[in-house]
Amino acid sequence: MTLSLKLDAEGVNALLRRAFPDGSDQNFPRVTEVAPGRALVVRPYHESMLRPGRLISGPTLMGLADTAAYALVLAHVGDQLMAVTSSLVMNFLRGAQPGDIHAEALMLRLGRRIAVCDVRLWTEHPERLAAQATVTYAIP
């Protein structure tokens with residue numbers, strides 16, 4: 001599968017800020033890198049992410065997995081803001097310790113109407129995954 005980018009990291013960040021203008025605060029996820037078939041996204045840590053037991057909450061991890069997949073799709077298809085999540089399967093592997101959440105999204109398949117991404121999330125180290133998700137996007 002040969003993939004080419006339509007947007008770089010700053011282009012994807014600008015598109016996300018336009019799509020979600022209320023999410024432009026310091027806790028909004030930021031795309032730090034895109035390459036063909038790959039995107040890295042970081043969400044800065046904030047106390048509001050914690051659940052009882054002082055771990056990052058599941059909904060926070062799921063939200064970042066979805067955002068990372070969306071960023072990866074946008075990097076490859078361009079200004080297609082109506083691309084929508086059609087499936088998200090989440091596997092929680094260990095408790096995510098407080099800290100910035102990192103997500104690496106990899107493109108498994110990019111077709112004309114569908115994109116399938118693998119997303120891995122961690123707070124401590126990429127070798128200590130907190131969660132993994134398979135996210136499917138429908139492309140208009």
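The structure presented is a predicted model; accordingly, all values stated were derived computationally and were not measured.

Draft legend 1. How the structure looks around the packing of helix α1 (residues 9–19) against helix α2 (residues 58–77). Axis separation between α1 and α2 bottoms out at 10 Å; the angle between their running directions is 115°. Crossing geometry of α1 relative to α2 is assigned as right-handed. Residues Val12, Leu15 and Leu16 of α1 form the contact with α2, whose own contacting residues are Tyr70, Ala71, Leu74 and Ala75. Its residues placed into classes, the contact of α1 with α2 shows 7 nonpolar, no polar and no charged.

Draft legend 2. Expanded view of the sheet that holds strand β6 (residues 101–110). If you trace the 6 strands from one edge of the open sheet to the other, you get β1-β2-β6-β7-β8-β5, paired in antiparallel fashion. In this open sheet, the two edge strands, each paired with only one partner strand, are β1 (30–35) and β5 (84–92). Across the sheet, the mean angle separating the axes of adjacent strands is 20° when strand polarity is ignored. Judged from the 8 bridges that link them, β5 and strand β8 (residues 131–138) form a sheet pairing that is antiparallel. Residue pairing for β8: asparagine 91 is matched across the bridge by glutamine 132. Sitting on the sheet, α2 is in contact with β1, β2 (38–43), β5, β6, β7 (114–122) and β8, with an inclination near 50° to β6.

Draft legend 3. Layout of unusual backbone geometry. Positioned with a positive phi, arginine 54 is a non-glycine residue whose angle comes to about 60°. Secondary-structure assignment places arginine 54 in the loop between β3 (50–51) and β4 (55–56).

Draft legend 4. Quick look at α2. When the terminal C-alpha atoms of α2 are compared, their 29 Å separation across 20 residues agrees well with the 28 Å that a helix rising 1.5 Å per residue should span. Of all 20 residues that make up α2, 15 are buried, and the element is covered over most of its length. Positive phi appears at glycine 78, one or two residues downstream of α2, with a value of about 85°.

About the thresholds
- Each chain has its residues counted from 1, running along the sequence as written.
- Only residues with pLDDT of at least 70 get local features here, since the model is predicted, and only at 80 or more are side-chain atom pairs given and counted; chain-wide, interface and lining totals rely on the full set of residues.
- Side-chain measures were taken over the full set of non-hydrogen atoms in the model, leaving aside hydrogen atoms and water.
- Convention adopted: a line fitted to C-alpha atoms gives each axis, helices being fitted over their contacting stretch, and angles between N-to-C directions are expressed from 0 to 180 degrees.
- Only DSSP runs of H or I covering at least 4 residues are called helices, and only runs of E covering at least 2 are called strands; the numbering of each starts at the N terminus.
- Less than a right angle of anticlockwise turn of the near helix away from the far helix marks a crossing as left-handed, whereas a clockwise turn marks it as right-handed.
- The contact criterion used is simple: two residues touch if any of their non-hydrogen atoms lie within 4.5 Å.
- Gly is placed with the polar residues, together with every amino acid not listed as nonpolar (Ala, Val, Leu, Ile, Met, Phe, Trp, Tyr, Cys and Pro) or charged (Asp, Glu, Lys and Arg).
- Each pair of strands is called paired provided DSSP finds at least two bridges between the two strands.
- By this rule, a helix spans an expected 1.5 Å times one less than how many residues it contains.
- Categorising residues by exposure relies on relative accessible area from a 1.4 Å probe, with only protein chains included: less than 20% of the type maximum marks a residue as buried, more than 50% marks it as exposed, and the intermediate range marks it as partly exposed.

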